Amino acid sequence: MSSKHFFRLDLRRLILILALMSAFITLANSFYASYRVQRQLLIDNTLEENRVYATKLAASTELFLQSTQKQLAYSARQVANNFDDGVRLTAETDRLKYQTDSFNSVVITDVHGKIRATSPDSLQLLGKQLATPGALEALEKRRPLISKPYISVADNLVINISSPIVDAENHYRGYVGGTIYLRQKSILNELLGEHYYRDGSYIVVLDQDRRILYHQDRTRIGQIVDRKPITEAIKSSDNGSQTMYSAQGISMLAGYAVVPSAGWEIITMRPTEATLRPLDGLMFKVLRHLTPVALLTLLVLWFCSRLISQPLWLLARSANEMDKPDVATSIKSIPSWYFEATQLKRALLIGISLLHKKIGKLKFEVLTDPLTGLYNRRGLAATLESLQQLKQSSAVIALDIDHFKKVNDTYGHAIGDEVIRLVAQQIRACSRTSDILFRNGGEEFLILLPGSSLQIATDVAERIRLSIEQMNIPDAGNITISLGVAYWAAHKGEIEPVLKLADASLYQAKQQGRNCVIVAA
């Protein structure tokens, strides 16, 4: 083998190896960066979902507790002036026990804690004196109470919800109380138990002393958990989320919220491993899409390495033919080094451009909701940041599908998804081209109207409401929505409080019967 042939092959190999290493490192780094972005996105979304979920559960539990206290207060008024009528007292306890599933047992005691009526009376407690912590606290404080957990006369771990009985002369006669069993079937277990998942997710409810009120493992109910970061974080915020470890040392993504009237802490947890499991499949798809690009890049690099080495080989050949008359012409005809370098650079730029397009597509998918095509929460955050930087005043419309849980329960989640998709289409059709639409999560939507007045936003909201009301959805029939409208003036600071104001107006619309528009004052 001649020296010039050896030099040409060796140089070409070196250039090819260096180019391949550069391409591989770039692709590997991009792949790893994409993996880290997707991983963090999944974690952030799960933390936010768990926070929202815990907040919704806390709100549902709060509504339930308020409802039970109203029931007991009503019964207290009914028996206050008939306190010596045993038949009337027994009828009232039976009504409280059997009219709804709110309580496992109901008692009416006199001012000394003596049981005047009870339902059910399977334990024959009528006429006995109660000395349980819940009873003593209700007799002492003489106001509506939700007790801490304690062991009842029947040896059950219970909480006692009570309301004082005061007659027309304002004399305290005793109290009417309903108990909820924590380790047996009860309305509280049913309210929280239906949210159990098979991927290792679960819900824990703690009282103010960190005593477990609800857990999927009933043997743990009544135990006091150790002081952990999440229980400390709850003391400084009524809701939030963070990563923590379970008692078994499993990494969990937790969201938490507080039930205001009882001070209970609801914590929803999902294993980090279960959250990240879909990421493997996603990254395999990314790798599958990148493989053709990588193969094309390999072919281009081989061709470019040949172009880089060929001018040197031609120059060496010409140097060996110095005695020929046309050698000068031959050298002039050889392409210059800078031209070939430009070609290699161009080939690499093509490969990188294709990769950036792939990454750009991934980033776009991160900002949008796959079901509706509307922006998601990350898209909302980016839009809000832009509005605040531009200092552009905007109106805000928050809307929610009425009774959507009933749609899911009645027709299934597939029809529920179709309802969400069709509602999103209708919102887009009724909105203006300048309006920015978001799916805020579940059946909740948000509309930003940059540069619009409160009146224009109200008109748009009413148009959307009427359009949805008149829409007939196959397999689901007619649905309605509730809307809240608010206005943000750019000179008044942050926009987030206005979003909360729109949500509050939406909640007020729900409270006022749904299918209406409420404008924030």
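For the structure, see preceding data.
Residues numbered from 1 in each chain as written. Predicted model: local features only at pLDDT ≥ 70, side-chain atom pairs only at ≥ 80, totals over all residues. Heavy atoms only, no water.

Some words on helix H12 (residues 454–470)
Phase 1 of the analysis: Between the first and last C-alpha of H12 there are 24 Å, a value that for 17 residues agrees with the 24 Å anticipated at 1.5 Å per step.
Phase 2 of the analysis: Every buried residue of H12 is accounted for by Ala-457, Thr-458, Val-460, Ala-461, Ile-464, Arg-465, Ser-467 and Ile-468.
Phase 3 of the analysis: In this structure, the buried residues of H12 make contact with strand S12 (394–401), helix H11 (413–430), strand S14 (444–450), strand S17 (481–488) and strand S18 (517–519). (Helix = DSSP H or I, 4+ residues; strand = E, 2+ residues; numbered from the N terminus. Expected span 1.5 Å × (residues − 1). Buried < 20%, exposed > 50% of the residue type's maximum accessible area, 1.4 Å probe, protein only. Contact = heavy atoms within 4.5 Å.)

Some thoughts on the nonpolar core
Phase 1 of the analysis: Judged by nonpolar contacts, the single largest core of 37 residues is most densely connected at Leu-65, Ile-108, Ile-165, Val-176, Val-205 and Trp-264.
Phase 2 of the analysis: The biggest single contributor to this core is helix H1 (residues 3–80), with 10 residues.
Phase 3 of the analysis: If near-sequence neighbours (up to four positions away) are discounted, Val-205 is found in contact with Leu-192, Arg-211, Ile-212, Leu-213, Tyr-214, Trp-264, Glu-265 and Ile-266.
Phase 4 of the analysis: Ranked by size, the runner-up nonpolar core spans 32 residues in total, among them Ile-397, Ile-427, Phe-445 and Leu-449. (Core = buried A, V, L, I, M, F, W, Y, C linked by side-chain atoms within 4.5 Å.)

Description of the environment of Leu-57
Phase 1 of the analysis: For Leu-57, the position within the fold is in helix H1.
Phase 2 of the analysis: The sequence separation of Leu-57 and Leu-191 amounts to 134 residues, and the corresponding C-alpha distance is 8.6 Å.

Quick word on the sheet that holds strand S8 (residues 212–214)
Phase 1 of the analysis: Within the open sheet, the five strands sit side by side as S8-S7-S11-S10-S9. Their pairing is antiparallel. Unpaired on one side and paired on the other, S8 and strand S9 (239–245) mark the two borders of the sheet. Strand-to-strand, the axes of this sheet are offset by a mean angle of 30 degrees, without reference to chain direction.
Phase 2 of the analysis: In this sheet, strand S10 (residues 251–259) lies alongside S9 in antiparallel orientation, the contact comprising seven bridges. Considered in S10, the bridge of Thr-243 is made with Leu-253. (Pairing = 2+ DSSP bridges. Axes fitted to C-alpha atoms, helices over the stretch in contact; angles between N-to-C directions.)

Concerning unusual backbone geometry
Phase 1 of the analysis: Here Ser-119 and Pro-120 are connected by a cis peptide whose omega angle stands at -5 degrees.
Phase 2 of the analysis: Its place among the elements puts Pro-120 in the loop between strand S2 (115–119) and helix H3 (133–141).

Comments concerning the sheet that holds strand S13 (residues 436–441)
Phase 1 of the analysis: Taken in spatial order, the five strands of this open sheet run S13-S14-S12-S17-S18, and their pairing is mixed. Of all strands in the sheet, those with a lone pairing partner are S13 and S18, marking the two edges. The mean inter-strand angle of the sheet, taken between neighbouring strand axes irrespective of direction, is 20 degrees.
Phase 2 of the analysis: Pairing of S13 with S14, which is carried by five bridges, proceeds in the antiparallel orientation. Residue pairing across strands places Leu-437 opposite Ile-447, the latter belonging to S14.
Phase 3 of the analysis: Its contacts with the sheet put H11 on S12, S13 and S14, and the angle it makes with S14 is roughly 15 degrees.
Phase 4 of the analysis: The strands that H12 touches are S12, S14, S17 and S18; relative to S17, the one it contacts most, it runs at about 170 degrees.

As for the pairing of S12
In summary, the side chains of a regular strand alternate between the two faces of the sheet.
Phase 1 of the analysis: In terms of burial, S12 is a largely internal element, eight of the eight residues being buried.
Phase 2 of the analysis: The pairing of S12 with S14 spans seven bridges and is classified as antiparallel. Paired with Leu-399 across the two strands is Phe-445, which belongs to S14.
Phase 3 of the analysis: As paired elements, S12 and S17 share eight bridges and run antiparallel to each other. Counted as the bridge partner of Asp-400 is Ser-482 from S17.

Some remarks on the packing of H11 against H12
Relative orientation and spacing of two packed helices are given, respectively, by the angle between their axes and the distance between those axes.
Phase 1 of the analysis: It is at 9 Å that the axes of H11 and H12 come closest, and there the two elements cross at 140 degrees. By the angle class used here, H11 and H12 are oblique. Handedness of the crossing formed by H11 with H12: right-handed. The segment H11 lies against H12, with Val-423, Gln-426, Ile-427 and Cys-430 engaging Val-460, Arg-463, Ile-464, Ser-467 and Ile-468.
Phase 2 of the analysis: Residues that form the contact of H11 with H12 fall into these classes: six nonpolar, two polar and one charged. (Parallel < 35°, antiparallel > 145°, perpendicular 65-115°, else oblique. Left-handed = near helix turned anticlockwise from the far one by under 90°. Nonpolar A, V, L, I, M, F, W, Y, C, P; charged D, E, K, R; others polar.)

Structural notes on the environment of Leu-253
Phase 1 of the analysis: With respect to the secondary-structure elements, Leu-253 resides in strand S10.
Phase 2 of the analysis: Placed 209 residues apart in sequence, Leu-253 and Asp-44 show a C-alpha to C-alpha distance of 9.1 Å.
Phase 3 of the analysis: When neighbours within four sequence positions are excluded, Leu-253 is seen to be in contact with Ile-43, Thr-46, Leu-47, Asn-50, Gln-242, Thr-243, Thr-268, Met-269, Arg-270, Thr-272 and Thr-275.

Points about helix H2 (residues 86–99)
An α-helical segment advances 3.6 residues per turn. Residues three or four places apart therefore align on the same side.
Phase 1 of the analysis: If you check H2, its first and last C-alpha atoms are 19 Å apart, about what 14 residues at 1.5 Å a residue would give, namely 20 Å.
Phase 2 of the analysis: For H2, every residue scored as buried is listed here: Leu-89, Glu-92, Thr-93, Leu-96 and Lys-97. End-on view of H2: buried residues confined to an arc of 130 degrees, all on one side of the axis. When the buried face of H2 is taken as reference, the exposed residues oriented beyond 90 degrees from it are Val-87, Tyr-98 and Gln-99.
Phase 3 of the analysis: Backbone nitrogen of Val-87 and a side-chain oxygen of the N-cap are separated by 3.2 Å at the start of H2; the cap is Asp-85. (Arc of directions from axis to C-beta. Polar contact = N/O pair within 3.5 Å; in protein donor to acceptor, adjacent residues only side chain to side chain.)

Just distances and angles here, no functional claims.
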